[in-house]
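Below, each chain spelled out in residue letters.
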Amino acid sequence: MEKTSTRKAQILAIDAGGTMTDTFIIDDNGDFVVGKAQSTPEDESIGLLNSARDALTYWDTTVEAEFPKLLAGVYSGTAMLNRLVSRNGRKVGLIVNKGMEDFHRMGRAIQAYLGYSYSDRLHLNTHRYDPPLVPREWTRGVTERVDIFGNVVIPLYEHEVEGAVQELLDQDVEAIVISLLHSYKYPAHERKIRDIATETMKKAGKEIPIFASVDYYPVRKESHRTNTTIIEAYAADPSRETLIKINDMLQEHGSTFDLRVMASHGGTISTQANELARTLVSGPIGGVVGAKYLGEELGIPNIACSDIGGTSFDMALITQGDLSINSSPDMARLVLSLPLVAMDTVGAGAGSYVRIDPNFKSLTLGPDSAGSKVGVCYPEGGVTTVTVSDCHVVLGLINPDNFLGGEVKLDPERAYEAVKTQIAEPLGLSVEDAAYGVIDLLESQLRNYLESMILGKGYSPSQYVCFSYGGGGPLHTAGYTKGLGFEDVLVPAWAAGFSAFGCGAADFEYRYDKTLDINVDDRAGDDVKLKAGIELQGAWDELMEKVAAEFEKNNFDRNDVDFRLYFRMQYQGQLNDLEIEAPIKSLKSVSDFEALVEAFEETYTRVYAKAAKSPELGYSITGAIIRGIVEVAKPKIPKEPLLGEKPSGDAFLGQRNVYWKGEWIKANIWEMEKLNPGNKVGAFSILESPATTFVIPPGFEAYLDEHRIFHLKEL
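Criteria and thresholds
Residues numbered from 1 in each chain as written. Predicted model: local features only at pLDDT ≥ 70, side-chain atom pairs only at ≥ 80, totals over all residues. Heavy atoms only, no water. Pairing = 2+ DSSP bridges. Helix = DSSP H or I, 4+ residues; strand = E, 2+ residues; numbered from the N terminus. Axes fitted to C-alpha atoms, helices over the stretch in contact; angles between N-to-C directions. Phe/Tyr/Trp six-rings, centres within 6.5 Å; stacked < 30°, edge-to-face > 60°. Buried < 20%, exposed > 50% of the residue type's maximum accessible area, 1.4 Å probe, protein only. Parallel < 35°, antiparallel > 145°, perpendicular 65-115°, else oblique. Left-handed = near helix turned anticlockwise from the far one by under 90°. Contact = heavy atoms within 4.5 Å. Nonpolar A, V, L, I, M, F, W, Y, C, P; charged D, E, K, R; others polar. Lys, Arg positive; Asp, Glu negative; His and termini not counted. Salt bridge = Lys/Arg side-chain N within 4 Å of Asp/Glu carboxyl O. Expected span 1.5 Å × (residues − 1). Bend = angle between axes of the 7 residues up to and from the residue. Patch = residues over 30% accessible without salt bridge, like charges linked within 9 Å, V, L, I, M, F, W, Y side chains within 5 Å. Areas by Shrake-Rupley, 256 points an atom, 1.4 Å probe, with all protein chains shown as cover. Disulfide = S-S within 2.5 Å.

Trainee: Could you give me a rundown of the sheet that holds strand β9 (residues 175-178), with the residues and numbers involved?
Mentor: Strands sit in the order β6-β5-β9-β10 across an open sheet of 4 strands; the sheet is parallel. Sheet topology places β6 (139-142) and β10 (210-212) at the edges, where each strand pairs with a single neighbour. The average undirected angle you get between the axes of adjacent strands in this sheet is 20°. Of the pairings in the sheet, the one linking β9 to β10 comprises 3 bridges and is parallel in character. When the bridges of β10 are listed, V177 appears paired with F211.

Printed below as a string of structure tokens:
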């Protein structure tokens, strides 16, 4: 990218990983630079500052010059998730119904095996039980009971609450969570306990935060709701300090915006947000949001997203421009009540370990990986098991002198010896054939994962455009899309920083959900439909106030907010509901209710089949959702003039020997940044960039369009 000091930086997107912090800085022309630096977990603002300085050297400018020009900044990171996975959070106390003190530990009887393969689920010696976030000794029960309809069966025994709170305070808990059965139907008891707890603390001269589940996640499924509220107290609220520190650092360097954080539902929220646990997972979601934004700009409604990093292959489908939202996902081996962009993830990436199964003498990949240490080829050592990246080096696909733009020099000899002793000799193969076999196996597995995800949802790859991104994506795009028949295969030139780009493209959005249980029979009269509509509208009004209050924290008036109404509906008696955007702005009449039913049935026939419609069962409205969105600055998609099919001579870097399908062949090496829109590059070619490598093998050619997006075509 050309160097100039006349840039006007607009958007800062941050992806703070466990090892590296990436910054993606976008200017007013939509041009961007990517910076990298070591993460600094003790104070993430230091790694962020170093990464931003690295990015801005490409524009011959500085943080001090550019930060005051920024209009927006978005953060995504793994600190909160790492705190949760490593069980390094606050000491939390839990108040539940008397007699239900063990339900948190039971984990809905599925947390014991979440994340394990079928064989590991069967054998006790191959898996472990994670300790609960709140152990039994920090859990207290109080007498009360509300039934599933929200009727009080046993009133709250208020005299028990003070003793329970005092016992938890005596054990020096640092936060208290309150979660009662069916409180989403009848919130008064949880709020009463909260108020009594506040008074008890005043008497005791202590002040710790209290988290009542109804104030955060008023939804059904008590294990999911309790886990999520505990995470709010255990990991999310402590992470707020990190975010405030980053925000303060940005403002010390001249920025004037409030930092936003990538949230699980695909929007961004403020660091001051009430429900901060929504930011628990953000990195992979950024890529899907970026793909949705790019698809909208290019007029592509159906997208298969595929992201290869060092540790995983993340997949998601965007159909008719919509992301699918999972309202009860699991994460870190916990069931949760967070609206999460639906994704499939498998432990197969560029850093995945390669081993030979001792029983069957067959190759196995992952699911564990070397992560940032790349492989045995990493110069600082520390990795002894062969990884996929070692095989890339042996085959000549990766330039060992150009990893991270030459900052890290990989060791091809160590990679060769490791592949030889660990893979080739045990299998009786040459080193090159063994390495090629690993890549072939990886790509065929990824192809199967991608195809099964699409076919499993009732679609065909021919209906979708595949977007390939992530640092490792372009290395394998041809291999895992081969023969699937996608409408098109797109690889953005900024693939390595695509998740950070997606963070910059995300809306400033708050989303609130509320569980409902409204049933309307198929032959119900207008009075029943209108009553159901009034109840749904009441829930929307309540959630709208919550959303408006969040935006007010950032000085946005409710008139600035675009409120979008959503609902969840299913046929009565069915197990799965669908989330649908309401085709109305408010529900005032029977015809408005019927418009909701029509929208549900239209979506139902698209997700399942027209023949599956079952209106005779009647309808259940299972949830109300409000999404509030405020317009913010977003990256522009590059648009450059087309300059002909033939690449310019200065983009050509020479040739390199590459081992492919049993023979050494000469590959043309190109500098990705120097290719011009309109250029076509045929096989065998390798396009090199500081942060990624794009392989164009025999049977393929790539075309670079005016948006700096490569179209990979199978010949």
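Trainee: Any chance you could break down the packing of aromatic side chains for me, citing the residues and the numbers?
Mentor: Within this structure, the stated rule accounts for 26 aromatic pairs. When the centroid spacing of 6.2 Å and the interplanar angle of 90° are considered together, the rings of F600 and Y619 count as edge-to-face. Taken as a pair, F600 in helix α17 (residues 590-607) and Y619 in strand β28 (residues 619-630) lie far apart in primary sequence, 19 residues in all. The two residues F600 and Y619 agree in class, both being buried.

Trainee: With reference to specific residues and values, describe the sheet that holds strand β33 (residues 693-696).
Mentor: If you walk across this open sheet you meet the 4 strands as β29-β30-β32-β33, and the pairing is mixed. Unpaired on one side and paired on the other, β29 (652-660) and β33 mark the two borders of the sheet. On average, each strand axis in the sheet is inclined to that of its neighbour by 25°, with strand direction left out of account. In this sheet, strand β30 (residues 663-671) lies alongside β29 in antiparallel orientation, the contact comprising 8 bridges. Its bridge partner being in β30, Q655 is matched across the sheet by N668.

Trainee: Account for the pairing of β33, with residues named and values stated.
Mentor: On β33, burial covers both faces: T693 and V695 on one face and F694 and I696 on the other are all buried. With 4 bridges joining them, strand β32 (residues 685-688) and β33 adopt antiparallel strand pairing. In the sheet register, L687 faces β33, and the bridge partner there is F694. Taking the residues that link successive antiparallel strands as the turn, the β32-β33 hairpin has 4 residues.

Trainee: Outline the packing of helix α11 (residues 388-395) against helix α12 (residues 412-427), listing residues and values.
Mentor: Between α11 and α12, the least distance of the axes is 9 Å, while the angle of their chain directions is 110°. Looking at the two axes, α11 sits roughly perpendicular to α12. Both α11 and α12 take part in a crossing whose hand is left-handed. Mapping the contact onto sequence places D390, C391, V393 and V394 in α11 and P412, A415, Y416 and V419 in α12. Of the residues that constitute the contact of α11 with α12, the class distribution is 7 nonpolar, no polar and 1 charged.

Trainee: With reference to specific residues and values, describe the packing of helix α1 (residues 44-56) against helix α9 (residues 222-252).
Mentor: Where α1 meets α9, the closest approach of the two axes is 9 Å, and the angle between their N-to-C directions is 40°. Between α1 and α9, the angle falls in the class oblique. Both α1 and α9 take part in a crossing whose hand is right-handed. Residues E44, S45, L48 and L49 of α1 pack against T242, K245, I246, M249 and L250 of α9. Considering only residue class, the contact of α1 with α9 consists of 5 nonpolar, 2 polar and 2 charged.

Trainee: Now, about the side chain of D314: what can you tell me, with residues and values included?
Mentor: Relative to the elements of secondary structure, D314 occurs in strand β14 (residues 313-319). Summary of buried charges: D314 has no salt-bridge partner, and the nearest side chain of opposite charge, K457, is 13 Å away. For D314, the residues in contact, after removing those within four places along its chain, are P284, C305, S306, D307, M343, D344 and T345.

Trainee: Tell me about the environment of A37, and please be specific about residues and values.
Mentor: Topologically, A37 is positioned in strand β3 (residues 32-38). Considering only alpha carbons, one finds A37 and P492, 455 residues apart in sequence, at a separation of 22 Å.

Trainee: Pulling in residues and values, what's your account of α12?
Mentor: Counted at 1.5 Å a residue, the expected span for α12 with its 16 residues is 22 Å, and the 21 Å between its end C-alpha atoms agrees. Along its length, α12 reaches its greatest deviation from straightness, about 45°, at K420. Within α12, burial applies to A415, A418, V419, I423 and A424. Contacts made by the buried residues of α12 are with β21 (352-356), β22 (363-369), α11 and α13 (431-456).

Trainee: Which residues make up a nonpolar patch on the surface, and what are the values?
Mentor: On the surface, a cluster of nonpolar side chains totalling about 250 Å² of accessible area is made up of V153, I154 and Y157. Mapped onto the elements, I154 comes out in strand β8 (residues 152-154). We classify I154 as partly exposed; its relative accessible area is 32%.

Trainee: Report on the pairing of β6, specifying residues and quantitative values.
Mentor: Of the two faces of β6, both are covered, the one formed by T139 and G141 as well as the one formed by R140 and V142. Pairing of strand β5 (residues 92-97) with β6 involves 4 bridges; the strand directions are parallel. Counterpart to N97 in the pairing with β6 is V142.

Trainee: Can you tell me about unusual backbone geometry, naming the residues and giving the values?
Mentor: Along the chain, A683 connects to F684 via a cis peptide bond; the corresponding omega equals -10°. With respect to the helices, strands and loops of the structure, F684 is situated in the loop between β31 (680-682) and β32. A positive phi angle, near 55°, is found at D60, a position not held by glycine. Backbone geometry places R708, a non-glycine residue, at a positive phi of 60°. Under the relative-accessibility criterion, R708 is labelled buried at 13%.

Trainee: Account for the environment of K680, naming residues and giving values.
Mentor: Structurally, K680 can be placed in strand β31. The contact partners of K680, leaving out residues within four places of it in the chain, are E645, P647, E701, A702 and Y703.

Trainee: Any details on the pattern of salt bridges? Residues and values, ideally.
Mentor: The tally for this structure, following the rule as stated, stands at 36 salt bridges. Across the salt bridge formed by E640 and R708, the nearest N and O atoms sit 3.5 Å from each other. One end of the pair, E640, is in the loop between β28 and β29; the other, R708, is in the loop between β34 (700-704) and β35 (709-714), and 68 residues separate them in sequence. Each of the salt bridges in this network shares a partner with another, and the network as a whole consists of E275, R278, R511, D513, R568, D577 and E579.

Trainee: How would you sum up the state of the cysteines? Please name residues and give values.
Mentor: Evaluation of the coordinates by the stated rule reveals 0 disulfides. Of all cysteine sulfurs in the structure, the one in C466 sits closest to C305, which takes part in no disulfide; the separation is 8.4 Å. Just so you know, C391 is unpaired, no disulfide at all, and the nearest cysteine sulfur is the one on C377, 9.7 Å from it.

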